[in-house]
Amino acid sequence: MNGAPHIEVRDLAIGYGDFVVQRGVDFAVGQGDIFVIMGGNGCGKTTLMRALVGLQPPLAGTVRYGGKDFWGAETEDRQRLQRRLGILFQGSALWSSLTLAENVALPIAEYTSLSKPQIDEIVAFKLALVGLAGFEEFYPSELSGGMKKRAGLARAMALDPEILVIDEPSSGLDPLTARHLDELIVELRDSLGTTVVVVTHDLASILAIGDNSVYLDADTHTMISTGNPQEALRNGDPKVRQFLKRGDAA
Amino acid sequence: MDRAWQFDLRSAEAGAQVLVLSGRWCMDEGLPEADAVASRLAANARSLGFDTTALADWDSSLLNFLRNLLRICAARGIAASTAGLPKGAQRLLAMAMAVPEKTLLGRNNGPRGIVAQVGAATLEFFRGVPAMLAFLGEITQAFGRLLTGRARFRARDLWIEIEEVGPRALPIVSVISFLVGLILAYLGADQLKLVGAQIFIADLVAIGMVREVGALMTGIIIAGRTGAAFAAQLGTMQVNEEIDAFKTLGIAPIDFLVVPRILALMLMVPLLTLYSGFIGMLAGLLVSVTIFDIGVFEYYTETLRALTATHFFVGLSKGSVYGAMIAYAGCLRGMQCGRSAEAVGRAATSAVVTGILLITIAASVMTIVYYQLDI
């Protein structure tokens, strides 16, 4: 690993066609940080996340992973960089026609030459990590929302990614389940040193797990660099403080 | 029962007017327009107050009336005071007026002229063509990967699709083919009777079913049954971000989701076509024997004489092409699906329409080509 930040976003503009959702998005994420991208509804959080993981090209600007240009790279190089990412989608996006074990096993089977029994062992271990041991043969539709999220996390962790990108971890979860998921994310970061990018508007989650953060402003279509969320809550930008206090006067 | 609505304008002093509202101001009363009241305001009016002491009952239609009235007052420079209104009405009015109405949001949903609609539809169609070709290209690449052994292909997916597409379609294919065979036999009997050659019903039914109608009927059934299912399945996966999950893993969703479906249809539709031809001939036999007094053995030998390997080849080739077209249309519309339940419905509908259109075009082209080649 060279000295470059783990993730570096420079002057990114995102949007659809003529409609720019955010411009001048600029931040860097260090190795092992939990980085929070926060903002209100419609501010472009998810669009930014899609640009980070390779699902939607940005209108301008660069994204670098470990110093390597992501969108400027050839498709194959980009796919190689993509493989360093593990992604947990908002709705978990588990493949509905596959069992949990098959969901987790698929990426492993694709990119390693391990034998079936070896893969099975890894899958059992990953599912155990997220507290779903014994659910190998269940289909996604048979699980509760919280279990789906955890299974999605197990799949995102399947290839031991250096970077985990998580879209709205707590959406659709009750406060306790959301908190367990937060704890799980922190636990994984602490033990594996994984860099985590979390896209969310869940205040409890932002304040509990964020090391560093940016705030995307839906009105001005620009971002505010906010640093540590706890710090931002005490003496950050008034707009961000208002957001972090659910609208109470900053 | 309270009295119906009533209003009265009083002038307290020069330019200051008070609107007195009384009775029921509710939706079912047919309230007056704000304009009608506003037009009775004195020309020199400077302020407007309200007196609602005799107001019996009101709902949101009163608020709507007041909101329009207040707007008119604002436009005419009349200072309106809501102080005389019921407390609740005052608060609701303040809420409704708090956020100014956004105009020019870039939405123009008004009715469009027929020319504009035709133009938009035409543009839409031509915009769709490059996407269709691009998808065809992606599928070709995926098959290239499959043939060179570099594709990520799971045989199990193919078997699941084959089971779903083939055996489960047998009942409906049987029913339709039987009835179509029956129709063909009647149609032929009527015409052939004129020349006293009713035995040729066997030729007509056999060649018609095996070469042409079996494949066409099977194609249309499968387009409605399986093409729509493909679009709905892939569309739902699109909504659930499952397709995105494939993409971010660097796995081409085409290899995983589209190739097995196309293969399954290319294999199963020809077999269903054969089956359909067989059932159609059975129906022809039944009609000929029971209605037109043709012997079972006679019909059987005539059928054998008429059917050559070429007819089977033509039928099978058509079935295979139709199968590919249906799968292509279903997968295309599924992969193009938007991210809502409504979009999934549209994708399924569009898959059937596109599928049947493609089948019909292919049928015409192949019939002409085979005729010219004398096959």
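Caption draft 1: Focus on the overall build of chain B. A count of helical and extended segments in chain B gives 12 helices and 4 strands. A compact globule built from 375 residues should have a C-alpha radius of gyration of about 21 Å, whereas chain B, at 35 Å, is more than 25% larger. In terms of its C-alpha atoms, chain B occupies a principal-axis envelope of roughly 110 × 60 × 40 Å. Buried positions account for 35% of the 375 residues belonging to chain B.

Caption draft 2: Expanded view of the overall build of chain A. Looking only at helices and strands, one finds 9 helices and 10 strands in chain A. Relative to the globule expectation of 18 Å for 250 residues, the C-alpha radius of gyration of chain A, 18 Å, shows essentially globular dimensions. Its C-alpha atoms give chain A principal-axis dimensions of roughly 55 × 45 × 35 Å. Counting all 250 residues of chain A, 42% fall into the buried class. Sequence separation of 24 or more characterises 63% of the internal contacts of chain A that already satisfy a separation of 6 or more.

Caption draft 3: Examining unusual backbone geometry more closely. All names here are of chain B. We note that E241 has phi near 65°; this positive angle belongs to a residue other than glycine. The phi angle at D293 is positive, at roughly 60°, despite the residue not being glycine. Structurally, D293 can be placed in the loop between α9 (253-290) and α10 (296-306). When the 8 C-beta atoms within 10 Å are taken as the criterion, D293 is described as exposed.

Caption draft 4: Just helix α3 (residues 100-111) of chain A, in detail. Within the sequence span of α3 of chain A, burial applies to L100, A101, N103, V104, A105, L106 and P107 of chain A. Taken together, the buried residues of α3 of chain A touch α4 (116-129) and α5 (145-156) of chain A.

Caption draft 5: How the structure looks around the interface of chain A and chain B. The interface of chain A with chain B comprises 15 residues on the first partner and 11 residues on the second. At the level of secondary structure, the elements contributing two or more residues to the side of chain A that touches chain B comprise α2 (75-82), β6 (85-88) and α3 of chain A. Grouping the constituent residues of the side of chain A that touches chain B by class yields 8 nonpolar, 5 polar and 2 charged.

Caption draft 6: Representation of the nonpolar core. Core analysis: the biggest nonpolar cluster contains 136 residues, and A154, V165 and V197 of chain A together with L265 and I326 of chain B have the highest contact counts within it. A total of 20 residues in this core trace back to one element, the largest contributor, which is helix α7 (residues 201-239) of chain B. With near-sequence residues (within four places) excluded, V197 of chain A lies in contact with I7, V29, F35, I37, L52, I163 and V165 of chain A. Within the second largest apolar cluster, 17 residues are counted, among which are L21, L48, L62 and L85 of chain B.

Caption draft 7: Fine view of the packing of helix α2 (residues 60-76) of chain B against helix α3 (residues 87-98) of chain B. All names here are of chain B. The interhelical angle for the contact between α2 and α3, taken along N-to-C directions, is 55°, at an axis separation of 10 Å. As the angle between them shows, α2 and α3 are arranged oblique. Considering the relative orientation of α2 and α3, their crossing is right-handed. Contact with α2, carried on its side by L62, L63, L66 and R67, involves A89, L92, L93, A96 and M97 of α3 and no other residues of that element.

Caption draft 8: A look at the sheet that holds strand β2 (residues 19-29) of chain A. Residues and elements named next belong to chain A. Pairing within the open sheet is antiparallel, and its 4 strands lie in the order β2-β1-β4-β5. This sheet does not close on itself; its edge strands, each paired only once, are β2 and β5 (68-69). Looking at chain direction, strand β4 (residues 60-65) and β5 are connected through 2 bridges and run antiparallel. Bridge pairing in β5 places R64 opposite D69. Lying on the sheet, helix α1 (residues 45-53) is in contact with β1 (7-16), β2 and β4; it crosses β1 at an angle near 125°.

Caption draft 9: Fine view of the packing of α7 of chain B against α9 of chain B. All names here are of chain B. Across the interface, α7 lies against α9 with an axial gap of 7 Å and an inter-helix angle of 145°. As α7 runs across α9, the sense of the crossing is right-handed. Partitioning the contact of α7 with α9 into residue classes produces 17 nonpolar, 10 polar and 1 charged.

Caption draft 10: View of the sheet that holds strand β9 (residues 212-217) of chain A. All names here are of chain A. If you walk across this open sheet you meet the 6 strands as β6-β7-β8-β3-β9-β10, and the pairing is mixed. Strands with a single pairing partner mark the edges of an open sheet, and in this sheet they are β6 and β10 (222-225). Going from strand to strand, the sheet's axes swing by 20° on average, the running direction of each strand aside. Pairing geometry for β9 and β10, over 4 bridges, is antiparallel. Residue pairing across strands places D217 opposite T222, the latter belonging to β10. Running over the sheet, α5 touches β6 and β7 (163-167) and is turned about 170° from β6.

Caption draft 11: Fine view of the environment of G224 of chain B. Here G224 of chain B shows up in helix α7. Along the primary structure G224 of chain B and A348 of chain B are separated by 124 residues, whereas in three dimensions their C-alpha atoms are 9.1 Å apart.

Caption draft 12: Up close: the confidence of the model for chain B. On average, residues of chain B carry a pLDDT of 88, and 97% of them reach 70 or more. What the predictor reports for the complex is a pTM of 0.78 with an ipTM of 0.86.

Thresholds applied
- Residues numbered from 1 in each chain as written.
- Chains lettered and ligands numbered in written order.
- Predicted model: local features only at pLDDT ≥ 70, side-chain atom pairs only at ≥ 80, totals over all residues.
- Helix = DSSP H or I, 4+ residues; strand = E, 2+ residues; numbered from the N terminus.
- Rg over C-alpha atoms; globule rule 2.2 N^0.38 Å.
- Buried ≥ 20, exposed ≤ 12 C-beta atoms within 10 Å, placed from the backbone.
- Contact = placed C-beta atoms within 7 Å.
- Nonpolar A, V, L, I, M, F, W, Y, C, P; charged D, E, K, R; others polar.
- Core = buried A, V, L, I, M, F, W, Y, C linked by C-beta atoms within 7 Å.
- Axes fitted to C-alpha atoms, helices over the stretch in contact; angles between N-to-C directions.
- Parallel < 35°, antiparallel > 145°, perpendicular 65-115°, else oblique.
- Left-handed = near helix turned anticlockwise from the far one by under 90°.
- Pairing = 2+ DSSP bridges.
- pLDDT = per-residue confidence, 0-100.

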